[in-house]
Amino acid sequence: MIRDLVIESRSYRSFDESKRIGKEDLYDLIDTARLCPSAVNRQPLKYRPVYEPDEVEEVLSHTHWAGLLPDIKLPPDGHHPTAFIAVCCDTSITKDPAHAETDCGIAAQTILLMAAELGFGGCMIGAFDREETAVCLRLPKKLSPMLLIALGVPDETVFLCEIPESGSTDYFRDKANLHFVPKRSLEDVIVE
């Protein structure tokens, strides 16, 4: 069921490096994402799969993870993602990448839902050095990187929980390093 995939598709920040995601899996994810709706059906998104270990590590070096947890190094050493998909806007199709943000969100969520279905997990990363990433991936000038999707086989569990009395929606880790993500209740999000 789609609801189960949504619950399972969390932002994972720790991966089993012994279980690699290969080119074929990434192409399958991208092939599904290309079928997603697109504003005015322009389809400006292009995808750069990253699966070679050295290239994965180079892309990782340009990312910034879990801004709400500044005292924890994520992903931990030895638990890095084993692949990335760089979602880019082709500015020869849509000049302003901001006009492709909705397309990007739809495609990224689709990729992560399909990844969950295949037994993978990931994390959408908007906090990355775009220029350095474009250079290391040898992207043509017309491709503007919008989002990185880190992928791998998660080796952590992420729990959904109710928002605490403080009202904070900040995700957090407990003393056992378990990751919790507070979610608003159904009553809090419905407007009648």
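The structure we're discussing is the one just above.
Residues numbered from 1 in each chain as written. Predicted model: local features only at pLDDT ≥ 70, side-chain atom pairs only at ≥ 80, totals over all residues. Heavy atoms only, no water.

**A closer look at the packing of helix 2 (residues 23–33) against helix 4 (residues 101–117)**
Moving on, step 1. Remark: helix 2 packs on helix 4, axes separated minimally by 9 Å, with the N-to-C direction vectors making an angle of 135 degrees. The angle between helix 2 and helix 4 falls in the class oblique. As for how helix 2 packs across helix 4, the hand of that crossing is right-handed. Residues Asp28, Leu29, Thr32 and Ala33 of helix 2 form the contact with helix 4, whose own contacting residues are Ala107, Thr110, Ile111, Met114 and Ala115.
Moving on, step 2. A per-class count over the contact of helix 2 with helix 4 returns six nonpolar, two polar and one charged. (Axes fitted to C-alpha atoms, helices over the stretch in contact; angles between N-to-C directions. Helix = DSSP H or I, 4+ residues; strand = E, 2+ residues; numbered from the N terminus. Parallel < 35°, antiparallel > 145°, perpendicular 65-115°, else oblique. Left-handed = near helix turned anticlockwise from the far one by under 90°. Contact = heavy atoms within 4.5 Å. Nonpolar A, V, L, I, M, F, W, Y, C, P; charged D, E, K, R; others polar.)

**Side note on helix 2**
Moving on, step 1. Three or more residues of helix 2 are buried, namely Leu26, Leu29, Ile30 and Ala33. In a view along the axis of helix 2, the buried residues occupy a sector of 95 degrees, so they form one face of it.
Moving on, step 2. Structurally, helix 2 contributes buried residues whose contacts are with strand 1 (45–50), strand 2 (83–90), helix 4 and strand 4 (143–152). (Buried < 20%, exposed > 50% of the residue type's maximum accessible area, 1.4 Å probe, protein only. Arc of directions from axis to C-beta.)

**Description of the sheet that holds strand 7 (residues 179–183)**
Where strands meet in a sheet, backbone hydrogen bonds hold them as pairs that are either parallel or antiparallel.
Moving on, step 1. Taking strand neighbours across the sheet as the criterion, the three strands line up as 5-7-6 in an open arrangement whose pairing is mixed. Looking at strand neighbours, the two that pair on one side only are strand 5 (158–162) and strand 6 (172–173), the edges of this open sheet.
Moving on, step 2. The sheet contact formed by strand 5 and strand 7 spans five bridges and is parallel. Pairing of Phe159 across the sheet is with Phe180, part of strand 7. (Pairing = 2+ DSSP bridges.)

**Comments concerning a negative patch on the surface**
Moving on, step 1. A contiguous patch of negative charge, built from Glu52, Asp54, Glu57 and Glu58, is present on the exposed surface.
Moving on, step 2. Take Glu52: it is sitting in the loop between strand 1 and helix 3 (53–60). (Patch = residues over 30% accessible without salt bridge, like charges linked within 9 Å, V, L, I, M, F, W, Y side chains within 5 Å. Areas by Shrake-Rupley, 256 points an atom, 1.4 Å probe, with all protein chains shown as cover. Salt bridge = Lys/Arg side-chain N within 4 Å of Asp/Glu carboxyl O. Lys, Arg positive; Asp, Glu negative; His and termini not counted. Charge placed at Lys NZ, Arg CZ, Asp CG, Glu CD.)

**What about the nonpolar core?**
Moving on, step 1. Of all hydrophobic cores here, the largest spans 26 residues; its most connected members are Val59, Trp65, Phe84, Ile125, Leu137 and Leu148.
Moving on, step 2. Every element with two or more residues in this core is listed here: helix 3, strand 2, strand 3 (121–125), helix 5 (130–136) and strand 4.
Moving on, step 3. Those residues in contact with Ile125 that lie beyond four places of it in its chain are Thr63, His64, Trp65, Phe84, Leu147, Leu148 and Ala150.
Moving on, step 4. Formed by 25 residues, the second largest nonpolar core is a distinct cluster that contains Leu26, Ala33, Leu45 and Ala115. (Core = buried A, V, L, I, M, F, W, Y, C linked by side-chain atoms within 4.5 Å.)

**Concerning unusual backbone geometry**
Moving on, step 1. Omega for the peptide link from Leu74 to Pro75 comes to -10 degrees, which places this bond in the cis form.
Moving on, step 2. Positive phi, normally seen in glycine, also occurs at Asn177, with a value near 65 degrees.
Moving on, step 3. Examined against the element boundaries, Asn177 turns out to sit in the loop between strand 6 and strand 7.

**Concerning the environment of Ile111**
Moving on, step 1. Tracing the backbone through its elements, the reader meets Ile111 in helix 4.
Moving on, step 2. Since its relative accessible area comes to 0%, Ile111 is described here as buried.
Moving on, step 3. For the pair Ile111 and Arg138, spaced 27 residues apart in the sequence, the C-alpha separation amounts to 23 Å.

**A look at the state of the cysteines**
Covalent bonding between the sulfur atoms of two cysteines defines a disulfide.
Moving on, step 1. For the coordinates displayed, the defined rule picks out zero disulfides.
Moving on, step 2. Cys104 supplies the cysteine sulfur nearest to Cys123, a cysteine that is in no disulfide, at a spacing of 13 Å.
Moving on, step 3. The exposure class of Cys123 is buried, given its relative accessible area of 4%.
Moving on, step 4. The closest cysteine sulfur to the non-disulfide-bonded Cys161 is located on Cys123, 17 Å from its own sulfur.
Moving on, step 5. Cys161 sits in the partly exposed class, given a relative accessible area of 21%. (Disulfide = S-S within 2.5 Å.)

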